[in-house]
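Observations on the three-dimensional arrangement
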Number of protein chains: 2
Amino acid sequence: MAEYKTDIEIARAAVKKPIYEIGDRLGIPAAQLSPYGHDKAKISAEFTTAQAGKPDGKLILVTAINPTPAGEGKTTTTVGLGDGLNRIGKKAVICVREPSLGPCFGVKGGAAGGGYAQVVPMEDINLHFTGDFHAITAAHNLLSAMIDNHIYWGNALDIDVRRVTWRRVMDMNDRALREIVASLGGISNGFPRESGFDITVASEVMAILCLASDLQDLEERLGNIIIGYRFDKTAVFARDLKADGAMAVLLKDAMQPNLVQTLENNPALVHGGPFANIAHGCNSVIATRTALKLADYVVTEAGFGADLGAEKFFDIKCRKAGLKPDAAVIVATVRALKMNGGVGKGDLGREDVGAVTRGCSNLGRHVANVRKFGVPVVVAINHFVSDTDAEVQAVKAYVAHLGAEAIVCRHWAEGSVGIEELAWKVVEMAESGDARFAPIYPDAMPLIEKIEEVAAQIYHASEVSVPKTVRDQLKVWEEQGYGHLPVCIAKTQYSFSTDPNLRGAPEGHVVSVREVRLSAGAGFVVVITGEIMTMPGLPKSPAAERIHLNEEGAIEGLF
Amino acid sequence: MAEYKTDIEIARAAVKKPIYEIGDRLGIPAAQLSPYGHDKAKISAEFTTAQAGKPDGKLILVTAINPTPAGEGKTTTTVGLGDGLNRIGKKAVICVREPSLGPCFGVKGGAAGGGYAQVVPMEDINLHFTGDFHAITAAHNLLSAMIDNHIYWGNALDIDVRRVTWRRVMDMNDRALREIVASLGGISNGFPRESGFDITVASEVMAILCLASDLQDLEERLGNIIIGYRFDKTAVFARDLKADGAMAVLLKDAMQPNLVQTLENNPALVHGGPFANIAHGCNSVIATRTALKLADYVVTEAGFGADLGAEKFFDIKCRKAGLKPDAAVIVATVRALKMNGGVGKGDLGREDVGAVTRGCSNLGRHVANVRKFGVPVVVAINHFVSDTDAEVQAVKAYVAHLGAEAIVCRHWAEGSVGIEELAWKVVEMAESGDARFAPIYPDAMPLIEKIEEVAAQIYHASEVSVPKTVRDQLKVWEEQGYGHLPVCIAKTQYSFSTDPNLRGAPEGHVVSVREVRLSAGAGFVVVITGEIMTMPGLPKSPAAERIHLNEEGAIEGLF
């Protein structure tokens, strides 16, 4: 197999099957697929609803150590494992998130896997795809427009313009829109007030779409969105503005899971993609549930490292959707472990077994954490050409010491043939019946204790510092009936602590809660620690400057 | 045929054919169609390009008298005439504009025709359709983000932040975004400056997409966009920011014409939809050209009344794309003529032959104007149940007096059977070879004289008042090589004059030019007279409050 091809070159050389064939393998009749071109389709609501009574396949979560600039390859491993399971004769579907459009024009490349473990058509998936994110943007901004319109026409709901918490969104990296003053220009443009834009993936509408079980539940949740507060401090809901119906109409098609395929022509559902800090960072419940009805194995991923992504997958998505994961894969690379062991990015090319071993403390803690949810764990070493045997052995030894197994995977370079061993191990774990999944805290626990529980159990913090205003706010929400909600902690993804520079497995740190927000539509309380960026900016020389159509009309420079 | 059904009820009852069948009738192979669901498809660039050498069919423009609140039914007549031509055995395709999403949530209903003359699927067409407008929004806003990002990172191009003319767009009626101050919040968010949003259909990117002949031309035009000026007042282009390539990538699919069908299963291309005041208000050149290669008759429409829409269709679209229209249909209704004759909206139900005759002055001027372009004219009386025979006869007599014919059309109530007579007349006119199309002014005429020519010939104004600053600006653009461009006059659509209350056929009024703008990418000089709204607002009780999904998951309240 030719090496050193770029992801886009590999993706473009893929021999795709017609999407109806992919659907047919899963038992989806052609009439229940709504095609978008010849290689993408949405699965009808009628079909997904009709699967309700069928038994579920096994659910496998792919998560990772804390991300480093060295890269871990979580989506790549998710795709590779799906192909690997199909290769060894299992009926497997992967469920991954849809990438955001905005960041494609900044620094990051695509988010559809890499090397010989990708979902295709990768250019479409990374650009407009089937329009889901555009629909979310429109639904979100319709509500925004209806808020200011309500105020303009007399403000019958008595909304305090200083307390409107609902902003606007755009699927673009545009720092100029972070903080704005709107409604300027005189009487006919309304009442000037401060506001701003977040990137679309940070919209509560995105989180709602990913947690809703069907269109009815979607509309109900949209109505529950709190857009701000009255002068008497009572909450104003999207329902009070009668915005929920029109928002649901805009999201009607976006609620249908998207079917595509891997480079090896195996089925993949790519649907939804909320932020993994202020939201829960998983693909849609409707896609995961549908996949579980159609396949024996469903491989899915969660955002960032296991401290953020897996915790939210378990405590928010699985809890709320009644999902019971059967096994988890924690992805690590020798390079990223080296960085966790103190090596700088420029020195990753040199063998350093000591650094690898030191960095394994990060991996070890994630293994222990995932086990706390009652889910059996295996470690996938996503192999790089520069990894030495000694380094790989160090990881294997460390993991063996934990009573688990670390398996070298070469799916990036070799496709499914390089990940067979992991696939067999996952089957063994899933079929063992060892999983005893349970969230880490019960619904009934007070909100403040939920935060403390996650900080202690998952982050190994010694203390949670919560200002009185935040404690009071949490109490008010509990009195209003929101106490049963899970917490969604927004923390840096680079460390177990709230300090992004603290790699490895820090202990005894303090988690300072700065602010809490109620996502009443999505159904969680967002707990903000430190600075959280919800609208990225572009770098000095953005990727957009190099993206263009070549003479054959093909896209260049995107990845 | 059952009467009093709503448009959406009629549309939903339509028996649609698979889109591949519709394409097949036009000789488009399935592989050259990219389906969006089962009833919409994009026509590949490969296919449209390959048609270049083929002969063209006849081009029929449907335009109208000045719009009134009584409604005229221009799109309805365009669709009806297409069905009528097919009914009498001609191979006809209609080419209409894509409706804008934002206004659907305000007051207006859909823009896909009405009654038994509609294009379907009307809900999709009025909502996200194939995502073209979302792609335009993204491309426009990417450029906006790159401008502020360039300034943020040091402003190497020396852009004067006070002279950035490129705003942002959103496909939403949101008056709060008309005027904003952006980049607030401190150093990391950039340099605060005044800006604002227009609705997407007002974007120059929309006008460019509709005038570009292919992807290469599209990228060239995108590069020509002027985003603002340096401190030395020289222009800064999108090309200087290296934004043109990435914008073209975002618009790759949006450039492909959309194929749908009428209620009678005849082919329709629905593609592009620029504003008809600050832009030229016609569907895309690529769709019209493609249709001309595939059919013997192509029926298309232009925005607003003939003073704005037809003038721009002839002087901008046809001039630039080398199109030669063979006949024109001017749509009038008895009700709208009555309003032009001085009757208030509440009194339209009463017979008033005198008012109809007085109102015919408006129609008469449009007939004379269209003839000035060398295009033969027929009048279509779009029939309402309340029209009396005497009123209809008054219109017929008036038009006969002009040496033309007025034909009663009942396509709204009856479909194609109600418009056969008009179809036969259009065939006769188009086949007569009488058309001698020419724009009303030559490319070489100075810009100021072009404005004067349109004001005198089309608006019947006695004078054009142009401030010295505007005259100087036009001279500068001529020196810079933009003197050959056509002018695109933004004027109220309700009158030949710039006073929206002056109905009928006013004479001797003054056209005051307030401002000129250079759309260097689209290739025209925008001339602004009076107040032009480029971001609508929502009404007190917006349609969005009533739009929802019913228990079967179907959309209610949209139309």
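Just so you know, these numbers come straight off a predicted model, no measurement behind them.

**Considerations on the overall build of chain A**
When its secondary structure is counted, chain A shows 18 helices and 26 strands. Rg of the C-alpha trace for chain A: 23 Å, near the compact-globule value of 24 Å for 559 residues, within the 12% margin. Summarising its shape, the C-alpha atoms of chain A cover approximately 70 × 55 × 50 Å along the three principal directions. The proportion of buried residues among the 559 residues of chain A is 65%. Of the contacts made within chain A by residues no fewer than 6 positions apart, 75% connect residues no fewer than 24 positions apart. For chain A, the accessible surface area stands at approximately 18800 Å², while carbon and sulfur atoms represent 51% of it. Here chain A contributes 57 positive and 67 negative side-chain charges, whose respective centroids are spaced 2 Å apart.

**Observations concerning the UniProt feature "binding site: ATP" (unreviewed entry) in chain A**
Residues and elements named next belong to chain A. Mapped onto the present numbering, the UniProt feature "binding site: ATP" (unreviewed entry) falls at Thr68, Pro69, Ala70, Gly71, Glu72, Gly73, Lys74 and Thr75. Structurally, the position occupied by Thr68 is in the loop between β3 (58–64) and α4 (74–87). The contacts of Thr68, once residues within four sequence positions are left out, are Ala336, Met339, Asn340 and Arg503. When you line up the elements, Gly71 lands in the loop between β3 and α4. On the accessibility criterion, Gly71 (25% relative accessible area) is partly exposed.

**Side note on the state of the cysteines**
Residue and element names in this part refer to chain A. Applying the stated criterion across every chain yields a total of 0 disulfides over all chains. For Cys318, which is in no disulfide, the shortest distance to another cysteine sulfur is to Cys282 and amounts to 7.4 Å. Relative accessible area serves as the criterion here: at 2%, Cys318 is assigned to the buried category.

**Some points on the interface of chain B and chain A**
With 65 residues of chain B at the interface, the matching set in chain A holds 65 residues. Counting the surface lost from both chain B and chain A, the interface buries some 5400 Å², and carbon and sulfur atoms represent 68% of this. The largest per-residue losses of area from chain B upon contact with chain A belong to Arg175, Val249 and Leu549 of chain B, which jointly make up 11% of the total buried on that side. Residue Arg168 of chain A is joined to Asp174 of chain B by a salt bridge in which the shortest nitrogen-to-oxygen separation is 2.8 Å. Connecting chain B to chain A are 25 residue pairs in polar contact (both at pLDDT 80 or more). Among the elements that take part in the side of chain B that touches chain A, helix α6 (residues 132–152) of chain B stands out by supplying 10 residues, more than any other. Split by residue class, the side of chain B that touches chain A holds 38 nonpolar, 16 polar and 11 charged.

**Description of the relation of the copies chain B and chain A**
Mapping chain B onto chain A calls for a screw motion: a turn of 180° about the axis and a shift of 0.0 Å along it, with 0.0 Å RMSD after fitting. Read as a symmetry element, the transformation amounts to a two-fold axis. Residue Tyr36 of chain B of chain B places its C-alpha closer to the rotation axis than any other residue of that unit, at 2.3 Å. With an isologous cut-off of 70% or more, the 100% of interface residues of chain B that recur at the interface of chain A puts this contact in the isologous class.

**Digging into unusual backbone geometry**
Residue Pro121 of chain A is reached from Val120 of chain A by a cis peptide bond, and omega for that bond is 5°. The residue Pro121 of chain A is located in the loop between β6 (117–120) and α5 (122–126) in this model. Look at Ser183 of chain B: it is not a glycine, yet its phi comes out positive at around 60°. With respect to the helices and strands, the residue Ser183 of chain B is situated in the loop between β9 (180–182) and β10 (193–195).

**Description of the domain arrangement of chain A**
All names here are of chain A. Domain assignment breaks chain A into domain 1 (7–130 + 254–432), domain 2 (132–250) and domain 3 (447–529). With centres defined by C-alpha atoms, the gap from domain 1 to domain 2 works out at 33 Å. Taken together, the 28 residues of domain 1 in the interface contact 20 residues of domain 2. Taken together, the two surfaces of domain 1 and domain 2 that pack against each other cover about 2000 Å², and 66% of this comes from carbon and sulfur. Summed over the three residues of domain 1 that lose the most area to domain 2, namely Ala254, Met255 and Phe275, the buried surface amounts to 27% of that side. Taken together, domain 1 and domain 2 are joined by 1 salt bridge. For Lys42, the salt bridge is made with Asp132, and the minimal N-O distance between the two is 2.7 Å. Going through the elements one at a time, α10 (285–294) and α11 (306–321) are the ones with two or more residues in the side of domain 1 that touches domain 2. The dominant element in the side of domain 1 that touches domain 2, judged by the number of residues it contributes, is α10, at 3 residues.

About the criteria used
- Residues numbered from 1 in each chain as written.
- Chains lettered and ligands numbered in written order.
- Predicted model: local features only at pLDDT ≥ 70, side-chain atom pairs only at ≥ 80, totals over all residues.
- Heavy atoms only, no water.
- Helix = DSSP H or I, 4+ residues; strand = E, 2+ residues; numbered from the N terminus.
- Rg over C-alpha atoms; globule rule 2.2 N^0.38 Å.
- Buried < 20%, exposed > 50% of the residue type's maximum accessible area, 1.4 Å probe, protein only.
- Contact = heavy atoms within 4.5 Å.
- Areas by Shrake-Rupley, 256 points an atom, 1.4 Å probe, with all protein chains shown as cover.
- Lys, Arg positive; Asp, Glu negative; His and termini not counted.
- Charge placed at Lys NZ, Arg CZ, Asp CG, Glu CD.
- UniProt positions renumbered as here; feature names shortened; annotations may be inferred.
- Disulfide = S-S within 2.5 Å.
- Buried area = accessible area lost by both parts, 1.4 Å probe.
- Salt bridge = Lys/Arg side-chain N within 4 Å of Asp/Glu carboxyl O.
- Polar contact = N/O pair within 3.5 Å; in protein donor to acceptor, adjacent residues only side chain to side chain.
- Nonpolar A, V, L, I, M, F, W, Y, C, P; charged D, E, K, R; others polar.
- Least-squares fit on C-alpha atoms with pLDDT ≥ 70 in both.
- Domains from an automatic or database assignment.

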